[in-house]
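Structure assessment
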Amino acid sequence: VGVGALVIKHNTPQNIANDFREACGKNDVREALECVVKIKHLAVSFGSKHLRFLDPEKYVVLDSIISEKLGYPRDEEGDGYKAFVDDCEQILKMLKEQNVPYPCKERTEWRIADIEMAIYRKIRGKKAPRKHP
């Protein structure tokens, strides 16, 4: 049984929706993460994936790969998550200050989620996708 099935089985749709709405209303990433991990069977890894999906301008994913390779703890209080977000924000700020162009045509601005994905891809040893003409 996957995480999604467990979440659906052990939470009402209304509770899931309410917790995500509450998370989206938070300004602090730790508080947002706390809202989503209240959902039964949705821990930091999958909770942060949902946050990133909902707002890639504000949230990143802290999964087991990044946590284990870079040492950010996946604690439910969100301290490790906040530290990773802060570090990604610093990299994002540097890219913007240096006017590093965004490499794809779909958007012109870097987002914090792009920084997290670049870090993830580097850890996994994957090259960036080729650009199509």
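This structure is a prediction, so every number in the text was calculated from the model and none was measured.

Bringing the environment of Tyr81 into the picture now. Checked against the element boundaries, Tyr81 lands in helix 6 (residues 79–97). Discounting chain neighbours no more than four positions away, the residues touching Tyr81 are Val29, Leu33, Ser48, Leu51, Tyr59, Val60, Leu62, Pro73 and Asp75.

Attention now moves to helix 2 (residues 13–24). Between the first and last C-alpha of helix 2 there are 17 Å, a value that for 12 residues agrees with the 16 Å anticipated at 1.5 Å per step. When we look at burial in helix 2, the residues that qualify are Ile16, Asp19, Phe20 and Ala23. The arc that holds the buried residues of helix 2, viewed along the axis, is 95°, so those residues lie on one side. Those residues of helix 2 hidden inside the fold are in contact with helix 1 (3–10), helix 3 (29–37) and helix 4 (44–54).

One non-glycine residue, His41, lies in the positive phi region at around 75°. Assignment of secondary structure puts His41 in the loop between helix 3 and helix 4. With relative accessibility at 43%, the residue His41 sits in the partly exposed group. Phi at Asn99 is positive, roughly 55°, even though this residue is not glycine. Structurally, Asn99 can be placed in the loop between helix 6 and helix 7 (112–124).

Such a bond, covalent and formed between the sulfur atoms of two cysteines, is termed a disulfide. Summed over the entire model, instances satisfying the criterion amount to zero disulfides. Of all cysteine sulfurs in the structure, the one in Cys35 sits closest to Cys24, which takes part in no disulfide; the separation is 9.2 Å. With relative accessibility at 43%, the residue Cys24 sits in the partly exposed group. With no disulfide of its own, Cys104 has Cys88 as its nearest cysteine by sulfur position, at a separation of 17 Å. Looking at Cys104, the relative accessible area reads 35%, which means it is partly exposed.

Ranked by size, the top nonpolar core spans 32 residues in total, and within it Val36, Leu51, Tyr81 and Phe84 carry the most contacts. If you list the elements that add at least two residues to this core, you get helix 2, helix 3, helix 4, helix 5 (64–70), helix 6 and helix 7. When neighbours within four sequence positions are excluded, Val36 is seen to be in contact with Phe20, Ala23, Leu42, Gly47 and Leu51.

Moving on: the packing of aromatic side chains. Considering all chains together, one arrives at two aromatic pairs under this definition. When the ring of Tyr72 is compared with that of Phe84, the centres are 4.8 Å apart and the planes differ by 50°; the resulting orientation is tilted. Taken together, the residues Tyr72 in the loop between helix 5 and helix 6 and Phe84 in helix 6 connect sequence positions 12 residues apart. In terms of burial, Tyr72 and Phe84 fall into one category: buried. Between Tyr102 and Trp110 the ring centres are 5.0 Å apart and the planes differ by 80°, which places this aromatic pair in the edge-to-face class. Accessibility expressed as a relative area gives 16% for Trp110, which makes it buried. Of note, Lys49 hangs over the ring of Phe46, and the distance from its end group to the ring centre comes to 4.7 Å.

The rules behind these values
- Residues numbered from 1 in each chain as written.
- Predicted model: local features only at pLDDT ≥ 70, side-chain atom pairs only at ≥ 80, totals over all residues.
- Heavy atoms only, no water.
- Helix = DSSP H or I, 4+ residues; strand = E, 2+ residues; numbered from the N terminus.
- Contact = heavy atoms within 4.5 Å.
- Expected span 1.5 Å × (residues − 1).
- Buried < 20%, exposed > 50% of the residue type's maximum accessible area, 1.4 Å probe, protein only.
- Arc of directions from axis to C-beta.
- Disulfide = S-S within 2.5 Å.
- Core = buried A, V, L, I, M, F, W, Y, C linked by side-chain atoms within 4.5 Å.
- Phe/Tyr/Trp six-rings, centres within 6.5 Å; stacked < 30°, edge-to-face > 60°.
- Lys NZ or Arg CZ within 6 Å of the ring centre and 35° of its normal.

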